[in-house]
Amino acid sequence: SFIGEESVAAGEGSILTDNPTWIIDPIDGTTNFVHRFPFVAVSIGFVVNKKIEFGIVYSCIEDKMYTARKGKGAFCNGQRLQVSGQEDITKSLLVTELGSNRDPEAIKIILSNMERLLSIPIHG
């Protein structure tokens, strides 16, 4: 099976089944692309039995290929990635994205989440 982000965004329905399924977003960061902001990627995932098996993200402008496979780790241009060992959120940097949904109910939820994040004494 095949699920494309652009067709789903255009209103086409999609159902994730147990069948092997490719999930593809050919312009991940469409808004960035439209505004010439240099964070755009091609994202591809492969799912079997509704569980991700592997994913590939190619950051076009940076020429970086991110890959990950279930149980095998994640890599950037072939170099293994790992999360930091930091367990204290007050010594962390949080990054968030507001999304493009401007529905009033969605905005309420987003702002509520942001308020909770901003009340944590983080580095930034």
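Scroll up to find the structure this text is about.
To start, this report covers the structure provided alongside it. For clarity, every value in this text was computed on a predicted model and none was experimentally measured. (Residues numbered from 1 in each chain as written. Predicted model: local features only at pLDDT ≥ 70, side-chain atom pairs only at ≥ 80, totals over all residues. Heavy atoms only, no water.)

Turning our attention to the overall build of the chain. Along the chain, the regular secondary structure elements total three helices and seven strands. When the helices and strands of the chain are listed from N to C terminus, the series reads β-α-β-α-β-β-β-β-β-α. For a compact globule of 124 residues, the expected C-alpha radius of gyration is about 14 Å, and the chain comes in at 17 Å, more than 25% above that figure. Dimensions along the principal axes, computed over C-alpha positions, put the chain at roughly 45 × 40 × 35 Å. (Helix = DSSP H or I, 4+ residues; strand = E, 2+ residues; numbered from the N terminus. Rg over C-alpha atoms; globule rule 2.2 N^0.38 Å.)

Before going further, it helps to spend a moment on the pairing of strand β2 (residues 21–28). When strand β1 (residues 2–4) meets β2, the two strands line up parallel, connected through three bridges. Bridge pairing links I3 to I23 in β2. Alignment of β2 against strand β3 (residues 41–48), held across six bridges, turns out to be antiparallel. Each bridged residue has a counterpart across the sheet, and for T21 the counterpart in β3 is V47. (Pairing = 2+ DSSP bridges.)

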